[in-house]
Amino acid sequence: MEAADYKGKVKSSWCPGCGNHAVNTALRKAMARLGYKTHETAIVSGIGCSSRFPFFMSTYGFHSIHGRALPVAIGLKQANPKINVIAVGGDGDGLSIGGNHFIHAGRKNPNITYIMMDNEIYALTKGQCSPTSRIGTTTKCNPYAWTADRINPVLMALSFNASYVARSYSGDIQQLEELIYGGLVHKGFSFIHVISPCVQYNKVSSFEKIKELVRNLPENHDTSDRANAMKYAFAPEGLYTGVFYESIRPTYEERYQDVISKAKQIAGENYTIDDVIKQFK
Ligand SMILES: Cc1ncc(C[n+]2csc(CCOP(=O)(O)OP(=O)(O)O)c2C)c(N)n1
Ligand code: SF4
Ligand SMILES: [Mg+2]
């Protein structure tokens, strides 16, 4: 497979210059390196500009409802663990309405990849502030100033022990591809936070501004040291990019198989849902 083979029939509706184009290209390149088959891969999203992603791919896709990409993706993986499941969406989708799912996905460690395209705004609905908007930001909805502190998605993912945590930005497609590739081969919940500027509604966090802020994590950064990863995630001097943290522990699907095996031992191989219902009659 070539990266171009993963392009869907639907022509991208993202604005020219939108950061999400780079994320789409980087993901397709990483998938080509791994030889992913389109019929064995599903891209799951919520609602937002970024969540239109599945339409532009030739894999299976599920454009779910706002904030619900992760539960749908986890359910899909649990039902058929052979499928490569990639959840995608925006900062609003994953940190406002879907913030709760983000926390619990990390704890459960399903073997899926989650790519968050963070443009620090609700773009689809024409520019309201999001949990990552900078304090003082003005929009049509907040003509004077945005007043809430920001969520730091990398710090958040580290705090609930997501087992692969990385950050990149849409201006560095090579790094983006490497980090997404790392997330796809990782066994467990991989989270890639992508600073992905919206050229239409966010004039504050432009490509130029983000370029000034980003810097690579030091080459000797120990990715098994979660506390140190938190220090870099928290760093006030700039936006670090690279792999912050990686650890291996049993996945949700493996733990679930354990439960099934134990239940069969206790209740017997032929115990069915009808037997369960009988108990309540
Ligand atoms: C239940 C529900 N609440 C609110 C909305 C309206 N809505 C659609 S997209 C969106 C936010 C999109 O922001 P984000 O997830 O950051 O995606 P972006 O468009 O910035 O890529 C909102 C609030 C909705 N569709 N459904
Ligand atoms: S409105 Fe912003 S986020 Fe949406 S497609 Fe255009 S540039 Fe991208
Ligand atoms: Mg957004």
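With that out of the way, let us pick up unusual backbone geometry. The residue Glu120 is not glycine, and still its phi comes out positive at about 60°. For Glu120, the location among the structural elements is in the loop between strand E4 (113-118) and helix H5 (153-159).

Looking now at the sheet that holds strand E3 (residues 84-90). Across the sheet, which stays open at both edges, the eight strands sit in the order E2-E1-E3-E4-E6-E5-E8-E7 with mixed pairing between neighbours. Both outer strands of the open sheet, strand E2 (60-63) and strand E7 (214-216), are each paired with one neighbouring strand and no more. The average undirected angle you get between the axes of adjacent strands in this sheet is 20°. In the sheet, E7 pairs with strand E8 (residues 239-246) via three bridges, with the strands oriented parallel. Paired with Asn216 across the bridge in E8 is Thr241. In the packing of helix H1 (residues 20-34) onto the sheet, contacts are made with strand E1 (41-45), E3, E4 and strand E6 (190-195), and the angle to E4 comes to roughly 160°. On the sheet, helix H8 (residues 226-234) packs against strand E5 (164-169) and E8 and is oriented at approximately 165° with respect to E8.

This part takes up the coordination of the magnesium ion (ligand 3). The magnesium ion (ligand 3) binds to the protein through Asp91 (OD), Asn119 (OD1) and Ile121 (O), with metal-donor distances spanning 2.1 to 2.2 Å. All donors of the magnesium ion (ligand 3) come from a single chain, and their spacing in sequence reads D-x27-N-x1-I. Within this pair, whereas Asp91 is found in helix H3 (residues 91-97), its partner Asn119 is found in the loop between E4 and H5, the two being separated by 28 residues in sequence. Overall, the relative accessible area of 1% leaves Asp91 in the buried class.

Taken together, Trp14, Cys15, Cys18, Cys49, Asn119, Ala123, Cys198, Val199, Gln200 and Tyr201 make up the full set of residues adjacent to ligand 2. Here the residues of the shell around ligand 2 sort into eight nonpolar, two polar and no charged.

Quick look at empty space enclosed by the protein now. Using the criterion set out here, one finds one cavity of 30 Å³ or more in the structure. Volume-wise, the largest cavity comes out at about 40 Å³. The wall of the largest cavity is formed by Gly67, Arg68, Ala69, Leu70, Asp93, Gly94, Gly98, His101 and Tyr114. Across the lining of the largest cavity, the residue classes break down as three nonpolar, four polar and two charged.

Turning our attention to the site of ligand 1. Neighbouring residues of ligand 1: 16 residues in total, closest Cys49, Ser50, Gly92, Asp93 and Leu124. Here an oxygen atom of ligand 1 sits 2.8 Å away from a polar atom, N or O, in the main chain of Cys49. At 2.7 Å, a backbone N or O of Asp93 approaches an oxygen atom of ligand 1. Expressed as a share of its isolated accessible area of 590 Å², the protein-covered part of ligand 1 is 72%. In the shell around ligand 1, the residues fall into seven nonpolar, seven polar and two charged.

Under the criterion given, the structure shown has nine aromatic pairs. With a centroid separation of 5.0 Å and an interplanar angle of 85°, the aromatic rings of Phe102 and Phe160 are classed as edge-to-face. Of this pair, Phe102 sits in helix H4 (residues 99-108) while Phe160 is found in the loop between H5 and E5, placing the two residues 58 residues apart along the sequence. With a centroid separation of 6.4 Å and an interplanar angle of 40°, the aromatic rings of Tyr252 and Tyr256 are classed as tilted. Separated by four residues within a single helix, Tyr252 and Tyr256 lie in helix H9 (residues 252-267), roughly one turn from each other. Under the relative-accessibility criterion, Tyr256 is labelled partly exposed at 37%. Through successive ring pairs, a cluster of aromatic residues spans Phe102, Tyr114, Phe160, Phe189 and Phe191. In this structure, Arg33 packs its charged tip against the face of Tyr181, placed 3.9 Å from the ring centre.

Procedures and definitions
- Residue indices follow the written sequence of each chain, beginning from 1 at its first position.
- Chains and ligands are labelled by the order in which they are written, letters from A for the one and numbers from 1 for the other.
- The predicted origin of the model limits local features to residues at a pLDDT of at least 70 and limits the giving and counting of side-chain atom pairs to 80 or more, whereas totals for whole chains, interfaces and linings rest on all residues.
- Heavy atoms throughout the structure, all of them, feed into the side-chain values; hydrogens and water do not.
- Put simply, DSSP H or I for four residues or longer makes a helix, DSSP E for two residues or longer makes a strand, and each gets a number counted from the N terminus.
- Pairing between strands is defined by DSSP: at least two bridges between the two strands are required.
- Angles here are taken between N-to-C directions and fall from 0 to 180 degrees, while the axes themselves are lines fitted to C-alpha atoms, restricted in helices to the stretch in contact.
- Any two residues whose heavy atoms approach within 4.5 Å at even a single point are treated as in contact.
- Coordination here is defined by N, O and S atoms within 2.8 Å of the metal (3.2 Å for Na, K and Ca), and since water is not considered, a site can look incomplete.
- Only protein chains enter the area calculation, which uses a 1.4 Å probe; residues under 20% of their type maximum are buried, those over 50% are exposed, and those in between are partly exposed.
- Neighbouring residues are identified by heavy atoms, a residue being near a molecule or strand if any of them is within 4 Å of it.
- Under the scheme applied here, ten amino acids are nonpolar (Ala, Val, Leu, Ile, Met, Phe, Trp, Tyr, Cys and Pro), four are charged (Asp, Glu, Lys and Arg), and all others, including Gly, are polar.
- Note on definitions: the grid is 1 Å and covers protein atoms alone; a cavity is a set of points where a 1.4 Å probe fits but cannot get out; a pocket is an open set with protein on both sides within 12 Å along at least five of seven lines; lining residues have an atom within 4 Å of a point.
- Grid points are joined across faces, edges and corners, and a volume is the space filled by probe spheres set on the points.
- The definition of a polar contact used here is a pair of N or O atoms within 3.5 Å, where within protein one atom must be able to donate a hydrogen and the other to accept one, and adjacent residues in sequence count solely through side-chain atom pairs.
- In short, Shrake-Rupley with a 1.4 Å probe defines the accessible areas, and a residue's cover is counted only from the protein chains shown.
- Two aromatic rings, drawn from Phe, Tyr or Trp (for Trp, its six-membered ring), form a pair once their centres lie within 6.5 Å of each other, and the interplanar angle then sorts them: stacked below 30 degrees, edge-to-face above 60, tilted otherwise.
- Either the NZ atom of lysine or the CZ atom of arginine qualifies as a charge over a ring when it sits within 6 Å of the ring centre and within 35 degrees of the ring normal.

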